[in-house]
Amino acid sequence: PKHPSIVQVQAVNCEGMYFSFNYGVSFAEHMKLDSLQHPLICEYLLSIAQALDHLHSHGFIYKDLKPNNIIIQSL
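Remember, predicted model here, so these are calculated numbers, not experimental data.

## Some details on the pattern of salt bridges
Part 1: Here the structure, examined in full by the defined rule, presents two salt bridges.
Part 2: With its nearest N and O atoms 3.7 Å apart, the salt bridge here joins Lys32 to Glu29. Highlighted residues: Lys32 and Glu29, both in helix α1 (residues 27–33), separated by three residues, approximately one helical turn.
Part 3: The class of Lys32 is exposed, set by a relative accessible area of 64%.
Part 4: The partly exposed category is assigned to Glu29, whose relative accessible area is 31%.
Part 5: Two residues, Lys66 and Asp64, come together in a salt bridge whose shortest N-O distance is 3.8 Å.
Part 6: Note on Lys66: relative accessible area 37%, which makes it partly exposed.

## Structural notes on the side chain of Ser26
Part 1: Along the polypeptide, Ser26 turns up in strand β3 (residues 25–26).
Part 2: Polar side-chain contacts of Ser26 include one of 3.0 Å to the backbone nitrogen of Glu29.
Part 3: With residues near it in sequence (within four places) discarded, Ser26 still touches Pro67, Asn68, Ile70 and Ile71.

## Focus on the nonpolar core
Side chains that are nonpolar tend, in soluble globular proteins, to be buried together.
Part 1: Listed in full, the eight residues of the largest apolar core are Phe27, Leu36, Tyr44, Ile48, Leu52, Leu55, Ile70 and Ile72.
Part 2: For this core, the element with the highest residue contribution is helix α2 (residues 38–57), accounting for four residues.

## A word on the environment of Phe27
Part 1: Position of Phe27 among the secondary structure elements: in helix α1.
Part 2: Taking the C-alpha atoms as reference, Phe27 lies 9.5 Å from Ile41; in sequence the two are 14 residues apart.
Part 3: The contact partners of Phe27, leaving out residues within four places of it in the chain, are Leu36, Ile41, Tyr44, Pro67, Ile70 and Ile72.

Calculation rules
- Per-chain numbering applies: the sequence of each chain, read as written, is numbered from 1 onward.
- Owing to the predicted nature of the model, reporting of local features is limited to residues with pLDDT of at least 70; listing and counting of side-chain atom pairs is limited to 80 or more, with chain, interface and lining totals taken over all residues.
- With hydrogens and water stripped out, all remaining heavy atoms of the structure feed into the side-chain values.
- The working definition used for a salt bridge is a side-chain nitrogen of Lys or Arg within 4 Å of a carboxyl oxygen of Asp or Glu.
- Helix and strand definitions here come from DSSP, where helices need a minimum of 4 consecutive H or I residues and strands a minimum of 2 consecutive E residues; each element is numbered from the N-terminal end.
- Buried means the residue's accessible area, taken with a 1.4 Å probe over protein chains only, is under 20% of the maximum for its type, while exposed means over 50%, and partly exposed covers the values in between.
- Any N or O atom pair separated by 3.5 Å or less is treated as a polar contact, with the protein-specific requirement of one donor-capable and one acceptor-capable atom, and with residues adjacent in sequence counted only for side-chain atom pairs.
- Note on contacts: a residue pair qualifies if any of its non-hydrogen atoms lie within 4.5 Å across the two residues.
- Residues belong to a common nonpolar core when they are buried Ala, Val, Leu, Ile, Met, Phe, Trp, Tyr or Cys residues joined through side-chain atoms within 4.5 Å.

Encoded structure:
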């Protein structure tokens, strides 16, 4: 399901099990750089929660939610 906070997959390779998409830097990387301020972190967490709610309401369950799998397009 399309949602502004969900990355659209560009390609899938079932043999090698990878997904391809073209976006920014992981949430984990931003945390390492300490480049996120408190209000911005709250905005991102709200956006993540809304995206997960959207997925769940369409019958999808995302089982690998972690900072490395959250991509931030721009700051």
